[in-house]
Amino acid sequence: AKSEGRARYVMYDADRNARQAARYALAADMPDALDRDEFTVVYQPLVSLADERLRGVEALVRWRHPARGLLSPDSFIPLAEETGVIVALGRHVLQRACAQGAEWARRFPDNPVFVSVNVTVAQAREPAFPAEVAKILADTGLDPRLLVLELTESAIMDADGAPLAALDVLAASGIRIAIDDFGTGYSNLAYLRRLPIHILKLAGPFVDGLRDPASVATVDEQIVETIIQLAHVLGVTVTAEAVETRPQADRLRHLGCDTGQGYLFSRPLPAAAMPPLLHNSGPA
Ligand code: C2E
Ligand code: CA
Ligand code: CA
């Protein structure tokens, strides 16, 4: 039995080595892939829950890998963080999203939609980050008020509880800051009071537990309601992520949640698929 265990161990090890090698290959490939323009951006609608009209879009990166097909960000963003390529990749996505947002704003002046862009810890801590954002806004002509930057709590606060230095500079230019995946970490509402944060994105697991508004509120539902109320007291709007069902959307509206995002309204779409939504009665 001992030798059997050993064989299993060796197999597991070989497996893990193969996976590691694949990860390294993918990571090493990223700078060239950027040059070859293999990263594309798709856009997921964010709708106002009151009327379900399009209010904004979240930019989500995809890698059109020549050999491995369309890769989702979960398979390469963590790697890009490890190698530092995230700084260049993040700049690329921001540039694309701002250019796209500016084009929509020119073509559809009656329905200005904001673009919301994800920013990782490494990117946000780059000293040049605020200057780069300012340059991209100037180059693309996007109104700063139409840009939202999504940061997780770990990007906003460092381990000592000190807030990100760039936050005030970014907010002062009219850019709005969103806390992404709120409720997945050691969420703490206290800093909403002190920091220039405009939007709270309620993480999927909170939304999962919601049922139709007619049913008696569970403890989870009461927690969501309390978060929304507290955010509103602090002047922060709330967006619910991963809204998949009609009862969830109805409950969220009932609880006062401002905005929704999720498959119920729309999957992430290529930019070319967005104009009908911008014309607008919103996503069907
Ligand atoms: P995220 O910021 O939480 O983005 C939302 C994710 O939820 C997206 O996954 C989206 O496709 C997915 N989603 C949308 N609606 C639903 C729904 O109704 N149900 C469920 N279950 N999921 C839904 P995606 O596009 O695979 O992105 C995964 C993560 O990768 C993102 O999570 C974000 O953290 C990261 N990411 C994506 N693009 C970028 C980027 O350009 N830069 C950085 N730094 N990170 C990115
Ligand atoms: Ca996000
Ligand atoms: Ca999120």
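The model shown is predicted, which means the values in this text are computed figures rather than measured ones.

Section: the coordination of the calcium ion (ligand 2)
Protein-derived ligands of the calcium ion (ligand 2) are Glu-58 (OE), Asn-118 (OD1), Glu-150 (OE), Asp-180 (OD) and Asp-180 (OD), with the metal-ligand distances lying across 2.1 to 3.2 Å. The coordination sphere of the calcium ion (ligand 2) comprises 6 donor atoms, whose angles at the metal cover 44 to 176 degrees; the geometry is irregular. Written as a sequence motif, the donor residues of the calcium ion (ligand 2) are E-x59-N-x31-E-x29-D. Distance-wise, the calcium ion (ligand 3) is placed 3.6 Å from the calcium ion (ligand 2), both being coordinated by Asp-180. Linking Glu-58 in strand β2 (residues 54–65) with Asp-180 in strand β6 (residues 176–182), this pair joins segments that are 122 residues apart in sequence. Here Glu-58 falls in the buried class, since its relative accessible area comes to 6%. According to the relative accessible area criterion, Asp-180 is buried, its value standing at 8%.

Section: the site of ligand 1
Neighbouring ligand 1 are 19 residues; Gln-44, Arg-62, Thr-120, Glu-244 and Tyr-263 lie closest to it. Contacts to ligand 1 include Gln-44, whose side-chain N or O atom sits 2.9 Å from a nitrogen atom. Contacts to ligand 1 include Arg-62, whose side-chain N or O atom sits 2.9 Å from an oxygen atom. Isolated, ligand 1 exposes 790 Å² of accessible area, and the fraction of that covered by the protein chains is 80%. For the shell around ligand 1, the secondary structure elements donating two or more residues are β2 and β6.

A short note on the pairing of strand β5 (residues 147–152)
In terms of burial, β5 is largely enclosed, as 5 of its 6 residues are buried. Summarising the sheet, strand β4 (residues 114–118) and β5 pair through 4 bridges and their orientation is parallel. Residue pairing in the sheet places Ser-116 in a bridge with Val-148 of β5. The pairing of β5 with β6 spans 5 bridges and is parallel. Each bridged residue has a counterpart across the sheet, and for Glu-150 the counterpart in β6 is Ala-178.

Remarks on the pattern of salt bridges
Tallied over the full model, the rule gives 17 salt bridges. Note that Glu-38 and Arg-36 form a salt bridge whose closest N and O atoms lie 2.7 Å from each other. Assessed through its relative accessible area of 44%, Arg-36 is described here as partly exposed. Between Glu-52 and Arg-246 there is a salt bridge; the shortest N-O distance is 2.9 Å. One end of the pair, Glu-52, is in the loop between β1 (39–48) and β2; the other, Arg-246, is in helix α11 (residues 246–254), and 194 residues separate them in sequence.

Quick word on the coordination of the calcium ion (ligand 3)
Here the calcium ion (ligand 3) is held by Asp-180 (OD), Asp-181 (OD), Glu-241 (OE) and Glu-241 (OE), and the distances to it run 2.1 to 2.9 Å. Motif for the calcium ion (ligand 3), donor spacing along one chain: D-D-x59-E.

Some thoughts on α11
For α11, the complete set of buried residues consists of Gln-248, Ala-249, Asp-250, Arg-251 and Leu-252. In this structure, the buried residues of α11 make contact with α9 (204–208), α10 (219–233) and β8 (237–240). Sitting at the head of α11, Thr-245 places a side-chain oxygen 3.2 Å from the backbone nitrogen of Gln-248. Backbone geometry just downstream of α11 places Gly-256 in the positive-phi region, at approximately 90 degrees.

Some points on the packing of aromatic side chains
The tally for this structure, following the rule as stated, stands at 4 aromatic pairs. On the numbers, 5.2 Å between centres and 75 degrees between planes, the contact of Tyr-43 with Trp-104 is edge-to-face. Of this pair, Tyr-43 sits in strand β1 while Trp-104 sits in helix α3 (residues 86–107), placing them 61 residues apart in sequence. Aromatic rings pair up to connect Phe-39, Trp-63 and Phe-76 into one cluster.

Points about the environment of Thr-218
Its location among the elements puts Thr-218 in the loop between α9 and α10. Put simply, Thr-218 and Leu-192 are 26 residues apart on the chain and 26 Å apart in space, counted from C-alpha to C-alpha.

Comments concerning the nonpolar core
In terms of nonpolar packing, the biggest core is built from 86 residues, with Leu-147, Leu-149 and Leu-200 touching the most fellow members. When residues no more than four places from it in sequence are discounted, the contact partners of Leu-147 are Leu-94, Cys-98, Val-115, Val-117, Val-133, Leu-137, Leu-142, Ile-175 and Arg-176.

Some details on the confidence of the model for the protein
Across the protein, the average pLDDT comes to 91, with 93% of residues at 70 or higher. Overall fold confidence (pTM) sits at 0.93, and the ipTM for the predicted complex is 0.98.

About the thresholds
- Residues numbered from 1 in each chain as written.
- Chains lettered and ligands numbered in written order.
- Predicted model: local features only at pLDDT ≥ 70, side-chain atom pairs only at ≥ 80, totals over all residues.
- Heavy atoms only, no water.
- Donors = N, O, S within 2.8 Å, 3.2 Å for Na, K, Ca; no water.
- Tetrahedral: all angles 85-135°; square planar, octahedral: opposite > 155°, others 65-115°.
- Helix = DSSP H or I, 4+ residues; strand = E, 2+ residues; numbered from the N terminus.
- Buried < 20%, exposed > 50% of the residue type's maximum accessible area, 1.4 Å probe, protein only.
- Near = heavy atom within 4 Å.
- Polar contact = N/O pair within 3.5 Å; in protein donor to acceptor, adjacent residues only side chain to side chain.
- Areas by Shrake-Rupley, 256 points an atom, 1.4 Å probe, with all protein chains shown as cover.
- Pairing = 2+ DSSP bridges.
- Salt bridge = Lys/Arg side-chain N within 4 Å of Asp/Glu carboxyl O.
- Contact = heavy atoms within 4.5 Å.
- Phe/Tyr/Trp six-rings, centres within 6.5 Å; stacked < 30°, edge-to-face > 60°.
- Core = buried A, V, L, I, M, F, W, Y, C linked by side-chain atoms within 4.5 Å.
- pLDDT = per-residue confidence, 0-100.

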